[in-house]
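# A look at the structure
Each chain is listed here by its residues.
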4 protein chains.
Amino acid sequence: MQYEIKDIQLADKGQQRIDWARQSMGVLELIRKRFSKERPLDSIRISACLHVTAETANLVLALKEAGAHIRLAAANPLSTQDDVAAALIRFHEIPTFAIKGEDNATYLRHIQSILDWHPQIVMDDGADLICALHADRDLLISDVRGGTEETATGISRLRSMAQNGVLRFPIVSVNDADTKRLFDNRFGTGQSTLDGIIRATNHLLAGLDVVVAGYGWCGKGIADRAKGLGANVIVTEVDPVRALEALMDGHRVMSMDEAVKHGNVFITVTGNKTVIGREHFKRMKTGALLANAGHFDVEIDIPSLESEAVRVSSPRESVKEFQFADGRRLFLLADGRLVNLVAAEGHPAQVMDMSFANQALSVEYLKNYYMQLDRNVSAVPPAIDKEIARLKLESMGIQIDSLSREQEDYLNHW
Amino acid sequence: MQYEIKDIQLADKGQQRIDWARQSMGVLELIRKRFSKERPLDSIRISACLHVTAETANLVLALKEAGAHIRLAAANPLSTQDDVAAALIRFHEIPTFAIKGEDNATYLRHIQSILDWHPQIVMDDGADLICALHADRDLLISDVRGGTEETATGISRLRSMAQNGVLRFPIVSVNDADTKRLFDNRFGTGQSTLDGIIRATNHLLAGLDVVVAGYGWCGKGIADRAKGLGANVIVTEVDPVRALEALMDGHRVMSMDEAVKHGNVFITVTGNKTVIGREHFKRMKTGALLANAGHFDVEIDIPSLESEAVRVSSPRESVKEFQFADGRRLFLLADGRLVNLVAAEGHPAQVMDMSFANQALSVEYLKNYYMQLDRNVSAVPPAIDKEIARLKLESMGIQIDSLSREQEDYLNHW
Amino acid sequence: MQYEIKDIQLADKGQQRIDWARQSMGVLELIRKRFSKERPLDSIRISACLHVTAETANLVLALKEAGAHIRLAAANPLSTQDDVAAALIRFHEIPTFAIKGEDNATYLRHIQSILDWHPQIVMDDGADLICALHADRDLLISDVRGGTEETATGISRLRSMAQNGVLRFPIVSVNDADTKRLFDNRFGTGQSTLDGIIRATNHLLAGLDVVVAGYGWCGKGIADRAKGLGANVIVTEVDPVRALEALMDGHRVMSMDEAVKHGNVFITVTGNKTVIGREHFKRMKTGALLANAGHFDVEIDIPSLESEAVRVSSPRESVKEFQFADGRRLFLLADGRLVNLVAAEGHPAQVMDMSFANQALSVEYLKNYYMQLDRNVSAVPPAIDKEIARLKLESMGIQIDSLSREQEDYLNHW
Amino acid sequence: MQYEIKDIQLADKGQQRIDWARQSMGVLELIRKRFSKERPLDSIRISACLHVTAETANLVLALKEAGAHIRLAAANPLSTQDDVAAALIRFHEIPTFAIKGEDNATYLRHIQSILDWHPQIVMDDGADLICALHADRDLLISDVRGGTEETATGISRLRSMAQNGVLRFPIVSVNDADTKRLFDNRFGTGQSTLDGIIRATNHLLAGLDVVVAGYGWCGKGIADRAKGLGANVIVTEVDPVRALEALMDGHRVMSMDEAVKHGNVFITVTGNKTVIGREHFKRMKTGALLANAGHFDVEIDIPSLESEAVRVSSPRESVKEFQFADGRRLFLLADGRLVNLVAAEGHPAQVMDMSFANQALSVEYLKNYYMQLDRNVSAVPPAIDKEIARLKLESMGIQIDSLSREQEDYLNHW
């Protein structure tokens, strides 16, 4: 078996992590059991370019039990859990190509290694695998029935390829599933962002004014959790409909110019840049915490913060202190990068469970229906979305109602 | 001036109601002021078939100040506020055709009366006016530039006409605007449903198990308000994604079969029939309250309730008591009709403000853009939706952020 | 049988009200059943001066089933429900002396009528009965074993008598029981105050700034319910510990001087006077609602409001509009009197259930233990408080844990 | 200068921690500034036996600026932050006797070392210092004007000494201050307990059933935070009044026997033993988390858990997995010890700020009023409690109202 990992000796520790994650991945577990019985992916070759973590390992193992032959490479040079990679080799015979901290050349070589496999289905997280396939390995494409993509960024790239007519097989966008968004954005980001801020600072949030910039799904989740921890929430927005919704949800709404006078904690989650900038820093209260939960580290204008400060220090892990000429101090958390990933542990396994259940069922769907699909990006079918919600409820022992024949007729009579 | 109303002497009282409603209709007020300056509907003839209430009067007056000539008929024989109709005649010279309790022939005649007017734009609430126009007054249609429709039911009728190719002018569906839905469904229905239950019973909700059947926008609003009043909420659903959302929102989720063992209060808001039926009544706890917030009175199976009961009485206005052979008593509120309309006052004026702001701006939009519109039902343009949210914030003295040039560029660079 | 009521023909309607209230008075019902079996008050003569309402009727009937002979007079000339009085006569043979709207002389004569009875135990609500007994009917006192008092105001009068050495029998203060306070102040006043404001105005509370003046138990209850309805709450206080608690509970805290700039709704519940005064009215936003939930109508300075206004009108029942020279309008609800009593129905029967369960068990306690009690005001014994909580849980079908022998030993080993 | 610490080289790191904590200790900072100006403890000798942490350092430095001469020893052999101890020596010249992990003999010797100092005031956390003073150093007592005690356990010991007539100077019980309880119990324990559970497991709490055993101040705080994180809360209690309050607060209430069928997470905070025992483990759902937030590790019956399990492992730091013969797995967090201390960082500095502000002002109070105080344990005077709340509000820039002369008269006229 081919593979390239850090150290096979780490396998025991990795298996422990895989087992721990499994406890919280009840939906994938139900899917794995069915897969194991039905073998819907028997002998299908899959190449997966995903973050090599304990949660991903559980996805890969479910696909393996479905009968698939699967190879795995890292989707990012920094995200690999080396012990998990070792366990995948030693205990599960999954050819894995991933070393935490690998250089860019190695990263790209690993992607090629799993393409050598002549995949029939590809799974991607950021679209590096699918782009490499289109760019360098033209001859392999005829075998490929379709692919899945996990992230918004990857979907943007693939949509652009489809619009330009160069995408050569159908893609299912896992990112757009309701069951993913609900868990990822509202509940996952909501809890883990506050968790990151508390771990970074050990501050008590009750009684503080927490400013949330952006009231999309993530912003809603964060605002709701901050309120639940006893904070009074201020929302800033550029979209008046969202601003109004924040207001009706009981939060205060104002411009950032005004909010800087009140805030004790600032959390940006807009997807835009310079949401908090030079003029804002000048008028913030001393002691304010600055955190970002948006994808890129450009929401807080860190260069301005650095140039305005007369003294910068690191009083605590994940905290950088900026002191100003007037004596005020501001605290930047996690260097303005995703505070839930840097200062806490990112999404709970329960969140990844929903996301990866979408991956697993989308692969099955591609295998069965690729003939009917265009060379385009399409959403996870609603039936799969519902099935995942149903499995989640089942995994928690919860039963819901179903429509009687009479009720179905009633609904259709219009 | 032509008109047909109950009693012109009621005008003073009606004007007082119109003024009171105006206090809470800040968005329409800002629109009225602009209309008054710009006169965008100068000399346009409008026929409006709407519920003749204080809130509607404010809409009509705003359109009048825009320069329109407008005639008004009732959209329902029972919903007319006779004093408001009188005030519209005496103080505002709006030809009005509406008498509370009018018989069906009169109702239909009133619709014809406002069509005699040769309208250029029609406004409807249930589509009776627009259907009459298509059915009986073919010759008038060539003048008509377009129409608006307020309700989901009306939109269904008009969509069906469009699909069959018989709709002869464009329709704007006010019902689908975000700013209407947010206020109407979540916040309007949420508060007024609980208000109706409290007025009907004077019960304390804290500490009770409140079962909400259906977790659409209305159900969410009701569940949220019930929780806010100290109840513990149980949600029943047939859609697993919604059920899961209810669970993640902190509510309990179970089948109605199970919920009947726990509930002290039941609220149906599903849009379906027989959501609570014969088998459920048999196992409910004595003292349970049954209320409906869905459009029709079929969600609670009242015939079964009546046939199972050994004794029926009316202990309190809007409350009917059903006693069973085993001694248990169930209380049906508002005869299973919309509890917020029957036992309370329906939507607050603030809610109608948003809805009617959509009406007013949709009329202006139709006047300007009818040439570009198909003979179909289209949504309120997002720009109008945003403008209304912006005006609502402005009317409350709230400022929000806007994108800098640099930020717009950043968003577009993908 | 002696009695003096409005109209015996109202008895059927009154009985219906009594039955309706009984549905919600599960604790008193359990007590009534035990009383009926054990007859703990056999042949005891009780004179009760209480508000003659459906809830009081249920208390009186429980005492009657305990074997007591009881006479009832009104505790306030305005609070009598004449139909309930009639039902007490016709169906239950309770000598009742109460006519809604009776003049003061009649009111006092009625109190004398129930004293003529030579009571052994007296029950009071405001201490008028007990004061009359001490002042005018000295000879009767030797028979009296003790009394109960429902209100804070009555307790103040009786404490003052005790301190001056003139109180001649022991008093149990129902007002101080935990189970009364919890229900009355936090949950009863909380819900009914918001209910009163909504009934008076039909305003939507979501998205508004609601200012609550005073953060005692009532203020907490009101603030919590306002937040639960989607408002953003501002608390004003004079006590820094309470102010801090409000802040930590997630509310905003500021001076009234500052709060008047923000508030859409103001609710006073401080027990003090002129909490909102002339200078405040001058700077409030137009459209603000002013409501009081404190005992007296002095918390909002109405004379100043009247003298500052240039025009006063009544746009809606329970609403008075004050227009100022600068065009702003403020709306005073319920003339500044208790908004939950005037504009809604006051405390739900569930709340009175707890209060009257304390009354019933306190009467039994007085009968058994008056020999051991001082001529002073004492609290409801904790054992009774706990028993009532236990009965409430039982009436709702809820079971809780009890200490094991081992656990009791553990707790006592310190 | 005498001292005994681990390593003076750690001083820089320790000073950084002291500075970080100071940011969050605004009340103590305001007191320090006044102390620095007024020098109210000039030349007073203080011996303090407290946990040697960054927060304590800030307390000690405030007392030093008040003019006191102060010596510090550890209140627990395990709680010392060695770097903070080093900073106190090097930068602040506080004689400190504390080494993390010191053996019991050293611990006791250190207490003697600070007694050698002939203290005039003693500060204690657990009463070891004060007991040693009474037991071994009789001759020193005549100098001692009084002492403070931080903990409930210490207060129990001292109350027992007072009752037996052996306590020889007055004690102020910091533990009973409102401002301490509010922060410590409700908000401090509330947030940090959930924080501990999340850090230990990285579980998503939204949608889970969280069982809180005990509804005292800590239990309330925990239940409130769990609800705020999207959980549905079940409360178990032995006291019916508390159980009823939990119910009215919107939680479910049931016996632990029933709760074990539902719970995903269990948190004990009763102060009792065996709250969750052998029979409960047998019926819990697989995957349940068991955490304790009560003082001692006896609330969860760990020996039963160990004897029932067929396999025990440690899948994650602070998590112990117990597998049963039937395949179910339960997860014990932090070995059943205080989960907020073991798996998170314990109380935020903001919480200790309130507690230590009470310490600082109680020392000043003892110095001024010891002549008037009995040899007994007394509460922190309400005036100090209020002053601390006032300072906390001031430190957050919040202004509240004060009574006008007219209002004070009104309150006093009863």
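It should be noted that the structure appears before, not after, this text.
Just so it is clear, the model here is predicted, and its values are computed rather than measured. (Residues numbered from 1 in each chain as written. Chains lettered and ligands numbered in written order. Predicted model: local features only at pLDDT ≥ 70, side-chain atom pairs only at ≥ 80, totals over all residues. Heavy atoms only, no water.)

## Some details on the relation of the copies chain A and chain B
Here chain A sits on chain B after a turn of 180° about the axis and a move of 0.0 Å along it, with an RMSD of 0.1 Å. Considering both components of the superposition, the chain copies are consistent with a two-fold axis. Taken together, the interface assignments show that 100% of the residues at the interface of chain A recur at the interface of chain B, consistent with an identical surface on both copies. (Least-squares fit on C-alpha atoms with pLDDT ≥ 70 in both. Contact = heavy atoms within 4.5 Å.)

## Overview of the interface of chain A and chain B
Tallying the contact residues gives 49 residues for chain A and 49 residues for chain B. Carbon and sulfur atoms make up 69% of the area that chain A and chain B hide from each other, which totals about 4,300 Å². Residues A:Glu406 and B:Lys273 are paired through a salt bridge, measuring 3.3 Å at the closest nitrogen-oxygen approach. Of all the secondary structure elements, the ones that give two or more residues to the side of chain A that touches chain B are α8 (178-201), α10 (240-248), α16 (382-395) and α17 (405-412) of chain A. In terms of residue class, the side of chain A that touches chain B is built from 26 nonpolar, nine polar and 14 charged. (Buried area = accessible area lost by both parts, 1.4 Å probe. Salt bridge = Lys/Arg side-chain N within 4 Å of Asp/Glu carboxyl O. Helix = DSSP H or I, 4+ residues; strand = E, 2+ residues; numbered from the N terminus. Nonpolar A, V, L, I, M, F, W, Y, C, P; charged D, E, K, R; others polar.)

## Concerning the pairing of strand β14 (residues 329-333) of chain D
Residues and elements named next belong to chain D. β14 sits mainly inside the fold: four of its five residues count as buried. As paired elements, strand β11 (residues 289-292) and β14 share two bridges and run parallel to each other. Residue pairing in the sheet places Leu290 in a bridge with Leu332 of β14. Taken together, the five bridges between strand β13 (residues 319-323) and β14 define a ladder with antiparallel strand orientation. In the sheet register, Gln323 faces β14, and the bridge partner there is Arg329. Linking two consecutive strands that pair antiparallel, namely β13 and β14, is a turn of five residues; a positive phi of about 95° is found at Gly327 within it. (Buried < 20%, exposed > 50% of the residue type's maximum accessible area, 1.4 Å probe, protein only. Pairing = 2+ DSSP bridges.)

## Description of the sheet that holds strand β12 (residues 311-316) of chain D
Residue and element names in this part refer to chain D. Spatially, eight strands are ordered β9-β8-β7-β10-β11-β14-β13-β12 in an open sheet, and the strand pairing comes out mixed. Either end of the sheet is taken by a strand with one partner, and the two such strands are β9 (252-253) and β12. Across four bridges, the pairing between β12 and β13 is antiparallel. Paired with Arg311 across the bridge in β13 is Gln323. Sheet strands touched by helix α9 (residues 217-228): β7 (209-213), β8 (232-236) and β10 (265-268). Its angle to β7, the strand with the most contacts, is close to 175°. (Axes fitted to C-alpha atoms, helices over the stretch in contact; angles between N-to-C directions.)

## Here's the deal with the state of the cysteines
Residue and element names in this part refer to chain A. Here the structure, examined in full by the defined rule, presents zero disulfides over all chains. Free cysteine: Cys49, not disulfide-bonded; nearest cysteine sulfur from Cys131 at 10 Å. On the basis of relative accessible area, Cys49 is assigned to the buried category, the value being 1%. (Disulfide = S-S within 2.5 Å.)

## Brief notes about the nonpolar core
In globular proteins that are soluble, nonpolar side chains generally tend to be buried together. Among the nonpolar cores identified, the biggest contains 201 residues, and A:Ile46, A:Leu63, C:Ile46 and C:Leu63 are the most heavily contacted of them. With residues up to four places along the chain from it excluded, the contact list for C:Leu63 reads C:Phe35, C:Leu41, C:Ile46, C:Ala68, C:Ile70, C:Met123, C:Ala360 and C:Val363. (Core = buried A, V, L, I, M, F, W, Y, C linked by side-chain atoms within 4.5 Å.)

## Some words on the pattern of salt bridges
All names here are of chain A. Overall, the coordinates contain 144 salt bridges over all chains when judged by the stated rule. Across the pair Lys6 and Asp82 runs a salt bridge, and its minimum N-O distance is 3.5 Å. Here Lys6, found in the segment before α1 (11-23), pairs with Asp82, found in helix α4 (residues 82-90); they are 76 residues apart in sequence, far enough to count as distant. Through salt bridges with shared partners, a single ionic network connects Arg22, Glu29, Arg32 and Glu65.

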